[in-house]
Amino acid sequence: MDEIAPLWGMCPFDKIKDGLIDCRAKSRLPHNAKTVIVACFPYLLEENNYQGINVSKYAAVTDYHTVALSRLNSAVKKLEELFPGHEFAAFADNSPIPEVEAACIAGLGAIGLNTLLITEEYGSYVFIGEIVTSLETGCDVVEKKSCIGCQKCIEACPSGALGKGGFEKTLCLSEITQKKGVLSEKEETLMKECGCVWGCDICQDVCPMNKHAAKTQIEEFLLSPIPCVSSGCELEGRAYEWRGRKVIERNISILSKRKEKS
Ligand code: B12
Ligand code: SF4
Ligand code: SF4
């Protein structure tokens, strides 16, 4: 697994089975699932790669779904050879597994007040993927503490999505930039304030736990990042491809209005 991801661990399936997310991928879960092998894929690049950035950092690199799944599927092949008779299924993001929770239980980090997994080495700038298997492994859980509860993420969130009553998904700019149709004036203003046509990094960028986050060594992410998207840009192979051109062009147009005004 070390070749697949620099950070990985085991979460007993039993511990997350009551929190499974309802989605189509649920049907691919192995019958008799016993263990979730959770892997973190760091994606933070050197600062010089972010010049003129207008997407969130996770979207500046090659689509993580493809990268994580390709790596996890090659691990699945090896595991199937090593443990014949056992089932293995890889997932990333489009997954029934509540990934942040599973990674936390696997000892990979703590859950921050910004709702994200914060690892000691890479901060929260990690993607999560996993292999669910019928294989039973020893899961030695070590509790990690890496959210100091400083509330900087809550104070910095421009939309109030990280309010006192917990996370309000519909207010989150990451959700708003994915929304189809016409956005409200308030949503447009928030997007202009954030400056991202896809996603939002504010609650991660202000987090002290990310101050010394290590940079990624994952080759696929180091190759040709695209930090700045413009009208007519190539969508293929990027994290926003699934949403299609209409939404991206709408968002680019909203942000360009900001530039015209200033
Ligand atoms: C839907 C989704 C979104 C939605 C809604 C997010 C939400 N929190 O509901 C939107 C579009 C807003 C979104 C935004 C983002 N997302 Co998102 N998202 C997901 C997705 C696909 C499903 C999450 C979900 O619905 N979970 C189910 C519900 C029930 O979970 P929940 O409300 O969070 O509560 C559970 C846990 O948090 C847990 N829990 C809560 N507190 C605690 C405390 C402890 C101690 C424990 C053990 C458990 C626990 O218990 C709850 C019940 O199970 C996951 C992938 C996945 N399969 O998990 C990625 C995922 C969480 N997203 C991810 C990312 C990167 C982001 C963004 C940073 C992207 C960006 N830059 O714009 C933002 C961050 C916004 C934010 N501050 O949360 C990463 C997180 C990586 C990390 N380091 O944590 C994931 C894991 C995708 C991936 N494969 O890497 N996301
Ligand atoms: S991603 Fe942006 S809008 Fe969403 S919770 Fe974090 S700071 Fe708030
Ligand atoms: S900003 Fe502070 S409260 Fe928020 S996740 Fe980071 S350490 Fe935790």
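Our subject is the structure listed above.
Let me sum up the structure you'll find in this document. The numbers attached to residues start from 1 for each chain and follow its sequence in the written order. As they are written, the chains are lettered A onward and the ligands numbered 1 onward, keeping that order. Under the rules for a predicted model, residues below a pLDDT of 70 receive no local features and side-chain atom pairs below 80 are neither given nor counted, while totals for whole chains, interfaces and linings still include all residues. Note: side-chain values were computed over all heavy atoms of the structure, leaving out hydrogens and water.

1. As for the site of ligand 1
Here, proximity means that at least one heavy atom of the residue falls within 4 Å of the molecule or strand. Not every one of the 31 residues close to ligand 1 is listed here, only the nearest: Glu99, Thr115, Leu117, Ile128 and Ser174. At a separation of 2.9 Å, a nitrogen atom of ligand 1 approaches a polar backbone atom of Asn114. Whenever two N or O atoms come within 3.5 Å, that pair is a polar contact, provided that in protein one can donate a hydrogen and the other can accept it, and provided that, for residues adjacent in sequence, both atoms are side-chain atoms. One nitrogen or oxygen atom from the main chain of Cys200 is found 3.0 Å from a nitrogen atom belonging to ligand 1. For the shell around ligand 1, the per-class residue count stands at 16 nonpolar, nine polar and six charged. Think of it as three bins: nonpolar holds Ala, Val, Leu, Ile, Met, Phe, Trp, Tyr, Cys and Pro, charged holds Asp, Glu, Lys and Arg, and polar takes everything else, Gly as well.

2. A closer look at the site of ligand 3
Near ligand 3 lie 14 residues; those nearest to it are Cys147, Cys150, Gln151, Cys153 and Cys207. Grouping the constituent residues of the shell around ligand 3 by class yields nine nonpolar, four polar and one charged.

3. A look at the sheet that holds strand E3 (residues 88-92)
Strand order in the open sheet formed by four strands is E1-E2-E6-E3, with antiparallel pairing between adjacent strands. On the outer flanks of this sheet lie strand E1 (7-12) and E3, each paired with one strand and no other. This sheet shows a mean twist of 25° between the axes of neighbouring strands, independent of strand direction. At least two bridges found by DSSP between two strands are what make those strands a pair. Secondary structure elements follow DSSP: runs of H or I of four or more residues count as helices, runs of E of two or more count as strands, with numbering from the N terminus. Relative to strand E6 (residues 126-133), strand E2 (residues 35-42) is paired through eight bridges, and the arrangement is antiparallel. Bridging across to E6, Phe41 finds its partner in Phe127. Interaxial angle, 0 to 180 degrees, is taken between N-to-C directions of lines fitted to C-alpha atoms, where a helix line uses only the stretch in contact.

4. Re the nonpolar core
To qualify as a nonpolar core, a set must consist of buried Ala, Val, Leu, Ile, Met, Phe, Trp, Tyr and Cys residues joined through side-chain atoms within 4.5 Å. Only protein chains enter the area calculation, which uses a 1.4 Å probe; residues under 20% of their type maximum are buried, those over 50% are exposed, and those in between are partly exposed. Counting residues in hydrophobic clusters, the biggest one holds 51 residues, and the most contacted among them are Phe41, Val55, Phe127, Ile131, Trp198, Phe221 and Tyr240. Of all the secondary-structure elements, those providing two or more residues to this core are E2, helix H2 (57-60), helix H3 (64-82), E3, E6, helix H6 (173-176), helix H7 (185-194) and helix H10 (245-261). Contacts were defined at the residue level, with two residues in contact if any of their heavy atoms lie within 4.5 Å. For Phe41, the contacting residues outside a window of four places in its chain are Ile4, Ala5, Ala68, Arg71, Leu72, Tyr125, Val126, Phe127, Gly129, Ile218 and Phe221. Residues Cys11, Phe91, Ile97 and Leu117 belong to the second largest nonpolar core, which totals 22 residues.

5. A word on the side chain of Glu99
Residue position: Glu99 is located in helix H4 (residues 99-105). One buried charge, Glu99, has no salt-bridge partner; the nearest side chain with opposite charge is Arg28, at 9.2 Å. At 2.9 Å, the side chain of Glu99 forms a polar contact with the backbone nitrogen of Asp93. With sequence-adjacent residues up to four places away left out, Glu99 is seen in contact with Phe91, Ala92, Asp93, Ile128, Gly129 and Glu130. Here Asp and Glu are counted as negative and Lys and Arg as positive; His is not counted, and neither are the chain ends. Salt bridge, as used here, is a side-chain nitrogen of Lys or Arg placed within 4 Å of a carboxyl oxygen of Asp or Glu.

Keep in mind these numbers describe shape, not what the thing actually does.
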